[in-house]
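Structure at a glance
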Amino acid sequence: MELPASLRQGVERLLENVPLATLKQAAKTLSDRYRAELRDGRLHMAEDLAVKAYLATRLPATYAAIRASLDALSDTKPSFQPRSLLDVGAGPGTVLWATTDQWPDLEQAVLLEASAAVRKVGETLAAGAIATQTRWLAGDATIDLADLKPADLVTCAYVLDEIAPASLPKLIDRLWQLTGDTLLVVEPGTPAGWQRILAVRRRLIEAGAHVLAPCPHQAPCPLAPPDWCHFSRRVARSRLHRLAKDADVPWEDEKFIYVAASRDPPISHQARVLAPPKSGSGKVLLKLCESDGSAGEKLFTKRDGETFKVARRSDWGDILEI
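For the structure given in this document, a descriptive report is provided here. Every value quoted in this text rests on a predicted model; they were computed, and no experiment measured them.

Cut-off values and rules
Residues numbered from 1 in each chain as written. Predicted model: local features only at pLDDT ≥ 70, side-chain atom pairs only at ≥ 80, totals over all residues. Heavy atoms only, no water. Salt bridge = Lys/Arg side-chain N within 4 Å of Asp/Glu carboxyl O. Helix = DSSP H or I, 4+ residues; strand = E, 2+ residues; numbered from the N terminus. Buried < 20%, exposed > 50% of the residue type's maximum accessible area, 1.4 Å probe, protein only. Phe/Tyr/Trp six-rings, centres within 6.5 Å; stacked < 30°, edge-to-face > 60°. Lys NZ or Arg CZ within 6 Å of the ring centre and 35° of its normal. Contact = heavy atoms within 4.5 Å. Axes fitted to C-alpha atoms, helices over the stretch in contact; angles between N-to-C directions. Parallel < 35°, antiparallel > 145°, perpendicular 65-115°, else oblique. Left-handed = near helix turned anticlockwise from the far one by under 90°. Nonpolar A, V, L, I, M, F, W, Y, C, P; charged D, E, K, R; others polar.

A few words now on the pattern of salt bridges. The full count for this structure, using the stated rule, is 12 salt bridges. One salt bridge connects Arg-234 with Asp-253, and the closest N-O pair in it is separated by 2.8 Å. Of this pair, Arg-234 sits in strand β7 (residues 231-236) while Asp-253 sits in strand β8 (residues 251-262), and the two are 19 residues apart along the sequence. Its relative accessible area of 31% is what places Asp-253 among the partly exposed residues. Arg-237 serves as the salt-bridge partner of Glu-252, at 3.0 Å between the closest nitrogen and oxygen. In this pair, Glu-252 is assigned in strand β8 and Arg-237 in the loop between β7 and α9 (239-245), connecting sequence segments 15 residues apart. Considered together, Glu-252 and Arg-237 belong to a single accessibility category, that of buried residues. Salt bridges sharing common partners tie together Arg-67, Asp-71 and Asp-101.

Structure follows, in C-alpha cells:
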C-alpha cells in the first residue's frame, strides 16, 4: 500500500532540503520514544524536525494501517457513508487523507492536535489537495474534548500509547459521546497495543456500542497471551525512507490492531482471518475468530468446493465471506 500521490509529493517537498544525517538522527530519537512508549509529559513530535522524521519514516506505515482499518470497517458496514469526521490526536492529518481516499464525498473534518509543529505541517500538506472543509484545533486528547461537536465518524489513531492508562476510560467515554455513528481506534500491533484495544472494546460494549470489526462478536476476546490479535500491511519504502532507517529491504510490514464500533449492529457476523493462511496442495488452514466468540484453526480442502475457493483467496485480516 502506498501514500496517495498528492500526499507523497507534498511530503517530498517538505523534506527536500533536510540533510540526511539530521533526518536520520531525528528518526532514531523519534523511534526510540515510540518503542519505549514514553509518557514523560513531552509530545513525541513537539518540534519541526521530529515531524519531518515522522513523515519520512512513519507516515507511510500509519497511513497503511489506518486505511486498512477503514477498509475493514467499510466491508462490515458497506452502507456507511460519513459526511463528517472528528479525528482526535490527528498528527499531520493521516486519518484525514485515508478517510477522504475511502470516502471522497466527506464534507467536513475537525482535527484536534496538541503539537503546533504537527498542525502546521498537516495544514501545509492538505492545502489545495483535500477538498473536504477542514478545521484544525489545538488541544490535548485527554482534557480538551468538552466543546467538540459530534461527527458521523470519530477516530483516534496511534494516540493511546502516549496517554496514561488512568485517563483512558474517561477519554473513551467522551469519544463515544461524540460518535454520531461509528468510532474507530487504531493502535500499534504489539501485545501492549492489543491490551489497550481490549480495554477500549470492553468500555464501548459496556456503553452499548456494537463492535463492527475486527471481532465478529461481542463476547470476550478468545485469544490469550502469549498470543495476541493484530494485523499487518506491507508498505513500500521510498529511497529516502530506506536511507533514513539504514534499511536494505525496500518494504516493511506494519503491524497494527484496531476496533471499530457503531451505534447500529452489523448486518451480519462473519469470521475473520487472524493470521497468514497456511496453504498446501489442495488445502488451506485458516486461523479464524468466529461469530460464536471462539477462535481456532480450520482446514478447508478441495472437497469443500466453492467454500474452499473463497478460503484460498482469503488473507490475514479479511472476513471469510462464506
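There is more to say after this.
A complete count under the given rule lists four aromatic pairs for this structure. Ring geometry for Phe-80 and Trp-103: centres 5.5 Å apart, planes at 75°, overall edge-to-face. Here the residue Phe-80 occupies a position in the loop between α4 (59-76) and β1 (84-88), and Trp-103 occupies one in the loop between α5 (94-102) and β2 (108-113), the gap between them amounting to 23 residues. Ring geometry for Phe-231 versus Tyr-258: centroids 5.7 Å apart, planes at 45°, classification tilted. Within this pair, whereas Phe-231 is found in strand β7, its partner Tyr-258 is found in strand β8, the two being separated by 27 residues in sequence. A relative accessible area of 3% places Tyr-258 in the buried class. Among the aromatic residues, those joined into a ring-pair cluster are Phe-231, Phe-256 and Tyr-258. Taking the ring centre of Trp-251 as reference, the NZ or CZ of Arg-234 above it sits at 3.5 Å.

A few words on the environment of Gly-93. Within the secondary structure, Gly-93 sits in the loop between β1 and α5. Its relative accessible area of 0% is what places Gly-93 among the buried residues. Spatially, the C-alpha atom of Gly-93 lies 8.8 Å from that of Val-118, the residues being 25 residues apart in sequence. Contacts of Gly-93, omitting those with residues within four sequence positions, involve Leu-111 and Trp-136.

To continue, consider the packing of helix α7 (residues 168-177) against helix α8 (residues 191-206). The N-to-C vectors of α7 and α8 enclose an angle of 55°; their axes lie 10 Å apart at closest approach. Accordingly, the angle class assigned to the pair α7 and α8 is oblique. Pair α7 / α8 crosses with right-handed handedness. Between α7, through Leu-168, Pro-169, Ile-172, Asp-173 and Trp-176, and α8, the contact on the second element is made entirely by Arg-196, Ala-199, Val-200, Arg-203 and Leu-204. The class makeup of the residues in the contact of α7 with α8 is seven nonpolar, no polar and three charged.

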